[in-house]
Amino acid sequence: MAMPETIPLLPVPPKRRLSFPLLILKTISNPIASWSQDFYDEPVVFYRSLGIETLYVMDPALIQTILLDDSDSFSKNPPHEEILGGLGGKGLLIAEGEAWRWQRRLAAPLFSPPEVARFVPAFAAAASTVLQRWSKAMPGSSQPIDRDMTRATLQVLQDTVLGGSLCEDDRRAVERFGTAFLAHTVWKIAFSSLGLPRWTPHPGALSMARASSELRRVAQRVLDRRRQDGGEAADLLGRLVTARDPSTGSSMPDSLIIDNVVTFLMAGHETTAQALTWTLYLLALMPEWQERAREEVLCVAGDEQIGSQHVARLGLLEQIFQEAMRLYPPAPALVRVTSKAASVGGIDLKAGANVLIPIYVVHRHRHLWPEPLRFDPSRFAPEAAAGRHRCAYMPFGAGPRTCIGGAFAMLEGKVMLASLLARARFELPQGERPVPFSRITLRPKQGLRLKVTLLTY
Ligand code: HEM
């Protein structure tokens, strides 16, 4: 039987451009379903409606202007504060100016490639925990892959940047309340696009507020535990606790430490979990690629646990992971607002205009990618990637606000995938057709179940 080479187009984009009010309504159900066919052909799509300007930018050169060359004119706030502010406070993801620079400088050394290489055993250990869980089930039984990847990436955070200060109960709370919080963020996104205040009532507002306080309570417990037990001064928590504000010399207030613990807890597990989930889905959909990836892993590592010495030789696996994040970017859109009047691609924008970079569309754009829906990891072979614009592929964003955890996530993804593929085979159950669904991150709407069979050699 011929194997599929292209992914199903789900959800199908609207044939014609939606009016702005309809686009906002669609955003509430699933933002990626609001982007019509023409988004995938055009460099920009512009709306001026109800006194609001909204520009969607798909052209890589224009994206470079927004995120790199003229990034001071395109601010993350107010939208990020309106969407996530209750949760992330004034932490790294949301802060701007000097406050952002201080926090970024503080955390950055922990995320350099040599530093993250120390975490390889923790990545492999998290994969082993998942395999142990699967080993108790019948061969070929269906497993909730999205849930298992979420648990694995939370275990990783606990064993790496948080230095063991997150107990099992806290991890369960993050899993539960993290999903509950994200579920309703689309309302905040819609309100922010319309310039409505963040307290505007909406369905799920109470459960979102409760989830936010529960997540902040977890972060408070993490901090209390660290203060009681001590711990490695050089991990993220240690650096936050001992930080001194360069302008005042005073220590970081507890509220800002908590903002950052919550930020890293959420930004550091959910995105990587979705990246792993979609990669395993694609490998189950395309069994030949799965076999090729497994062959590479077994050839490189044999029956050894995956370690730092193997990682550089897992070239095909890296390309597969990159191609999976092209088709299913875990962060499907970036949001900015003009801090002053600006011109983008010949369109004049007033201060306060919404500027969106729909990474999901950029990664499937017809002028940037031949046969965009074809799963083809060789797009990331060095010679193929060499001539590509730096903003044509950007799962981790670009410019000064690029993901601080990019190298961490790439290594985590490779080590976990290699560890899982060496020991397990993944098959798509009949009728399993996950629909990408955007809730800040891109997840399968009803989760993802795959049939898992552990392999013995
Ligand atoms: C596959 C996994 C990941 C993806 C796709 C991803 C994606 C992104 C993107 C696109 C941004 C930029 C947002 C913007 O410009 O508006 C970002 C920022 C950020 N990410 Fe990640 N991320 C991933 C993993 C991680 C990990 C593992 C961590 C930490 C352990 C992390 C922590 C952060 C933080 C703190 C920021 C804000 C950085 C700043 O503004 O200075 N992310 N991420």
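As the structure is a computational prediction, the values presented were derived from the model and not from experiment. (Residues numbered from 1 in each chain as written. Predicted model: local features only at pLDDT ≥ 70, side-chain atom pairs only at ≥ 80, totals over all residues. Heavy atoms only, no water.)

(A) Structural detail: the nonpolar core. Counting 145 residues, the largest nonpolar core has F39, W134, M149 and F426 as the members making the most contacts within it. For this core, the leading source of residues is helix α12 (residues 254-285), giving 18 residues. Ignoring any residue separated from it by four or fewer positions in sequence, one finds F39 in contact with L23, V45, Y47, Y56, M58, V361 and H365. (Core = buried A, V, L, I, M, F, W, Y, C linked by side-chain atoms within 4.5 Å. Buried < 20%, exposed > 50% of the residue type's maximum accessible area, 1.4 Å probe, protein only. Helix = DSSP H or I, 4+ residues; strand = E, 2+ residues; numbered from the N terminus. Contact = heavy atoms within 4.5 Å.)

(B) Spotlight on the sheet that holds strand β5 (residues 334-338). Taken in spatial order, the five strands make up an open sheet running β1-β2-β8-β5-β3, and their pairing is mixed. Edge strands, defined here as strands with exactly one partner in the open sheet, are β1 (44-49) and β3 (74-75). The sheet contact formed by β1 and strand β2 (residues 52-57) spans six bridges and is antiparallel. Bridging across to β2, V44 finds its partner in V57. Each of β1, β2, β3, β5 and β8 (354-357) touches helix α2 (residues 60-69); the most contacted strand, β8, lies at about 120 degrees to it. (Pairing = 2+ DSSP bridges. Axes fitted to C-alpha atoms, helices over the stretch in contact; angles between N-to-C directions.)

(C) Quick look at unusual backbone geometry. The residue after L10, namely P11, is reached through a cis peptide bond having omega -10 degrees. Mapped onto the secondary structure, P11 falls in the segment before α1 (20-29). Between N77 and the following residue, P78, the backbone shows a cis peptide bond with an omega angle of 10 degrees. By the secondary structure assignment, P78 is in the loop between β3 and α3 (79-88). One non-glycine residue with positive phi stands out, namely L50, at about 55 degrees.

(D) Molecular detail of the pattern of salt bridges. With the rule as written, the count across this model stands at 25 salt bridges. Among the ionic pairs, E214 bridges to R217, the shortest N-O distance being 3.5 Å. Of this pair, E214 and R217 are both found in helix α10 (residues 205-229), three residues apart, which corresponds to roughly one turn of the helix. On the basis of relative accessible area, E214 is assigned to the buried category, the value being 17%. For R217, a relative accessible area of 44% gives the class partly exposed. One salt bridge in this structure joins R379 and E323, with 3.1 Å as the shortest N-O distance. With R379 in the loop between α16 (359-362) and α17 (382-386) and E323 in helix α15 (residues 315-327), this residue pair connects regions lying 56 residues apart in the sequence. You can call E323 buried: its relative accessible area is 0%. A single salt-bridge network, built from bridges that share partners, covers R151, E168, R171, R172 and E175. (Salt bridge = Lys/Arg side-chain N within 4 Å of Asp/Glu carboxyl O.)

(E) Broad picture of the sheet that holds strand β4 (residues 141-144). If you walk across this open sheet you meet the three strands as β4-β12-β9, and the pairing is antiparallel. Of all the strands in the sheet, just β4 and β9 (424-427) have a single pairing partner and so form its edges. Geometrically, the sheet is characterised by an average inter-axis angle of 45 degrees between neighbouring strands, direction not taken into account. Relative to strand β12 (residues 449-454), β4 runs antiparallel, the two being bridged by four bridges. Looking at the pairing, Q143 lines up with L450 of β12. Helix α7 (residues 145-159) contacts β4, β9 and β12 of the sheet and is inclined by roughly 50 degrees relative to β4.

(F) Spotlight on the site of the ligand. Not every one of the 27 residues close to the ligand is listed here, only the nearest: W100, R104, R336, R401 and C403. The contact in question runs from an oxygen atom of the ligand to an N or O atom on the side chain of R336, over 2.8 Å. A distance of 2.8 Å separates an oxygen atom of the ligand from a polar side-chain atom of R401. Looking at the shell around the ligand residue by residue, the class counts come to 17 nonpolar, six polar and four charged. (Near = heavy atom within 4 Å. Polar contact = N/O pair within 3.5 Å; in protein donor to acceptor, adjacent residues only side chain to side chain. Nonpolar A, V, L, I, M, F, W, Y, C, P; charged D, E, K, R; others polar.)

(G) Examining helix α18 (residues 406-423) more closely. In this model α18 runs 26 Å from its N-terminal to its C-terminal C-alpha over 18 residues, within 8% of the 26 Å that 1.5 Å per residue would give. Buried residues dominate α18, accounting for 16 of its 18 residues. (Expected span 1.5 Å × (residues − 1).)

(H) Region of interest: the coordination of the iron atom of the ligand. For the iron atom of the ligand, the protein supplies a single donor, C403 (SG), at a distance of 2.3 Å. Tracing the sequence through the fold places C403 in the loop between α17 and α18. (Donors = N, O, S within 2.8 Å, 3.2 Å for Na, K, Ca; no water.)

(I) Summary view of the packing of aromatic side chains. Applying the stated criterion across every chain, the model contains 18 aromatic pairs. Seen in terms of ring centroids, W134 and F426 are 5.7 Å apart; in terms of plane orientation they differ by 75 degrees. Their pairing is edge-to-face. Of the two residues, W134 is situated in helix α6 (residues 120-135) and F426 in strand β9; the sequence distance between them amounts to 292 residues. Exposure class is identical for W134 and F426. Each is buried. With a centroid separation of 6.2 Å and an interplanar angle of 40 degrees, the aromatic rings of W369 and F380 are classed as tilted. Here the residue W369 occupies a position in the loop between α16 and α17, and F380 occupies one in the loop between α16 and α17, the gap between them amounting to eleven residues. By the burial criterion, W369 is buried, and F380 matches it. The ring of W369 has R326 sitting right over it, with the charged end atom 5.1 Å from the ring centre. (Phe/Tyr/Trp six-rings, centres within 6.5 Å; stacked < 30°, edge-to-face > 60°. Lys NZ or Arg CZ within 6 Å of the ring centre and 35° of its normal.)

(J) Highlighting empty space enclosed by the protein. A full pass over the atoms with the stated rule returns two cavities of 30 Å³ or more. Considering only enclosed or pocket space, the second largest cavity measures out at about 50 Å³ in volume. Lining the second largest cavity are L92, Q103, L106, A107, L236, L240, N260 and F264. Counting residues per element, the lining of the second largest cavity draws most heavily on helix α4 (residues 97-107), at three residues. Its residues assigned to classes, the lining of the second largest cavity shows six nonpolar, two polar and no charged. (1 Å grid on protein atoms, 1.4 Å probe; cavity = no way out; pocket = protein on both sides within 12 Å on 5 of 7 lines; lining within 4 Å. Points joined across faces, edges and corners; volume = space filled by probe spheres on them.)

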